[in-house]
Amino acid sequence: MKGELCIGVDLGGSNLRFALVDRQGRVLARSAEPTLPAAGLESLMTRLLSGVERLRQQAARMGAGTVALAVGVPGLVCSDGVVRASVNVPVLEGVPLARELAGATGMPVAALNDANACALGEKNYGAGRDYRSLIALTLGTGVGSGLILDGKLWTGVDGAAGEFGHIPVEPEGRPCGCGGRGCLEQYASAGAIARGGDDAAAVACRAQQGDAAALALFAEAGRYLGIAAAGVVNLLNLEAVILCGGVARSFDLLVPALRRELEARTFPVSGGRVRVEQGILGDDAGVLGAAVAAFGALL
Ligand SMILES: [Zn+2]
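Model, not experiment: these values are computed from the prediction. (Residues numbered from 1 in each chain as written. Predicted model: local features only at pLDDT ≥ 70, side-chain atom pairs only at ≥ 80, totals over all residues. Heavy atoms only, no water.)

1. Some words on unusual backbone geometry
The phi torsion of most residues other than glycine is negative, and most of the peptide bonds are trans.
Part 1 of the argument: Here the phi dihedral of Leu36 falls at roughly 50°; this positive angle occurs in a residue that is not glycine.
Part 2 of the argument: Even without a glycine there, the phi angle at Asp150 is positive, about 50°.
Part 3 of the argument: Structurally, Asp150 is set in the loop between strand 9 (143-149) and strand 10 (152-153). (Helix = DSSP H or I, 4+ residues; strand = E, 2+ residues; numbered from the N terminus.)

2. What to know about the pattern of salt bridges
Part 1 of the argument: Using the criterion set out here, one finds 13 salt bridges in the structure.
Part 2 of the argument: Between Arg17 and Asp10 there is a salt bridge, with its nearest N and O atoms 3.8 Å apart.
Part 3 of the argument: Arg26 is the salt-bridge partner of Asp22, the closest N and O atoms lying 2.7 Å from each other.
Part 4 of the argument: Where salt bridges share partners, they join Asp10, Arg17 and Asp283 into one cluster. (Salt bridge = Lys/Arg side-chain N within 4 Å of Asp/Glu carboxyl O.)

3. Remarks on the coordination of the zinc ion
Part 1 of the argument: Binding of the zinc ion to the protein goes through His166 (ND1), Cys176 (SG), Cys178 (SG) and Cys183 (SG), at separations of 2.0 to 2.3 Å.
Part 2 of the argument: Around the zinc ion sit four donor atoms, and with donor-metal-donor angles ranging over 105 to 118° the site reads as tetrahedral.
Part 3 of the argument: Given the relative accessible area of 10%, Cys176 is considered buried.
Part 4 of the argument: Assessed through its relative accessible area of 47%, Cys178 is described here as partly exposed. (Donors = N, O, S within 2.8 Å, 3.2 Å for Na, K, Ca; no water. Tetrahedral: all angles 85-135°; square planar, octahedral: opposite > 155°, others 65-115°. Buried < 20%, exposed > 50% of the residue type's maximum accessible area, 1.4 Å probe, protein only.)

4. Remarks on the side chain of Asp10
Part 1 of the argument: Tracing the chain through its elements places Asp10 in strand 1 (residues 4-11).
Part 2 of the argument: Since its relative accessible area comes to 13%, Asp10 is described here as buried.
Part 3 of the argument: Residues within four places of Asp10 in sequence aside, it is in contact with Asn15, Leu16, Arg17, Gly72, Asp283, Gly286 and Val287. (Contact = heavy atoms within 4.5 Å.)

5. Some words on the environment of Val87
Part 1 of the argument: Considering the arrangement of structural elements, one finds Val87 in the loop between strand 6 (83-85) and helix 2 (97-105).
Part 2 of the argument: Taking the C-alpha atoms as reference, Val87 lies 26 Å from Gly103; in sequence the two are 16 residues apart.
Part 3 of the argument: The residues touching Val87, leaving out its near neighbours within four places in the chain, are Pro74 and Glu93.

6. Description of the packing of helix 7 (residues 212-236) against helix 8 (residues 251-265)
Part 1 of the argument: Interaxial distance between helix 7 and helix 8 falls to 7 Å at its minimum, and their mutual angle equals 35°. The handedness of the crossing between helix 7 and helix 8 is right-handed.
Part 2 of the argument: Of the residues belonging to the contact of helix 7 with helix 8, the class tally is 14 nonpolar, three polar and three charged. (Axes fitted to C-alpha atoms, helices over the stretch in contact; angles between N-to-C directions. Left-handed = near helix turned anticlockwise from the far one by under 90°. Nonpolar A, V, L, I, M, F, W, Y, C, P; charged D, E, K, R; others polar.)

7. Topic: the sheet that holds strand 1
Part 1 of the argument: Strand order in the open sheet made by the five strands is 3-2-1-4-7, with mixed pairing throughout. The sheet is open, and its two borders are formed by strand 3 (27-34) and strand 7 (109-113), each paired with just one other strand. Pairwise comparison of adjacent strand axes, ignoring direction, gives a mean angle of 15° for this sheet.
Part 2 of the argument: Bridging between strand 2 (residues 15-21) and strand 3 involves seven bridges; their strand directions are antiparallel. (Pairing = 2+ DSSP bridges.)

8. Structural notes on the state of the cysteines
Part 1 of the argument: Under the defined criterion, the tally for this structure stands at zero disulfides.
Part 2 of the argument: For Cys78, which is in no disulfide, the shortest distance to another cysteine sulfur is to Cys178 and amounts to 18 Å.
Part 3 of the argument: Given the relative accessible area of 13%, Cys78 is considered buried. (Disulfide = S-S within 2.5 Å.)

9. Side note on the sheet that holds strand 10
Part 1 of the argument: Ordered in space as 10-9-8-11-12, the five strands form an open sheet in which the pairing is mixed. The open sheet has two free edges, formed respectively by strand 10 and strand 12 (275-278), since each of these has just one partner strand.
Part 2 of the argument: Alignment of strand 9 against strand 10, held across two bridges, turns out to be antiparallel. Following the sheet pairing, Ile148 is matched in strand 10 by Leu153.

Listed below in structure tokens is the structure:
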């Protein structure tokens, strides 16, 4: 036996990623396919199970056993493994995902929010390895986060903690999909940066070439991120703020304004020590963090 392996699954609105992971965080095999949320729940569950089975067989060929599984989901996942809400994959709403997958695979299964999975990934195998208390921000279509306090994921009493994107940064600001107004997500997500018309990657490209309007959009996003992060750092005295997700590829464009706000709005003790870092796991943060949760499900 080569030891015990886990399967981490990142169930995104667009892509369904599977990885076979060992305890050191090495990805030994992987696969990916489109999520196709419109194809319905039965199709999604079938493809989830066949993806898991494929990696199990690969593990067996390596002489290893697959002992647990976890799935990161874009939405609110309660501590009982039931998906309560998912804007991007609505067919999962109300589904006891952990229980159903455990019944079908015979393994311990955990289900968790995708931003929480990214935070666990960076904490255990990435930019957060040296810290015990951090927040990992996932900057993509929306803005999510995962909070690690004293080495443990903080999910809140219902599993709904970490909604960094819905921290209000403008009292009378832009309306938000959550029903609120002036939420950070309306100023710092890919959609907010792209509100001029094209996508955030194209804006990043223009900013890298020195385009003033494009640079201003990233500076604005960084400024609002810094305002929200300052509140969290004042509250929790964290060691690090780690930026993950597609928009975080433009780390250098965001960070000067972010750091400026953070320094201006925090107490010297907490603001002076907090590090702002770029995640290093890229697209693997989700599957690796799910694997961490899977190993945790064994306990
Ligand atoms: Zn909101």
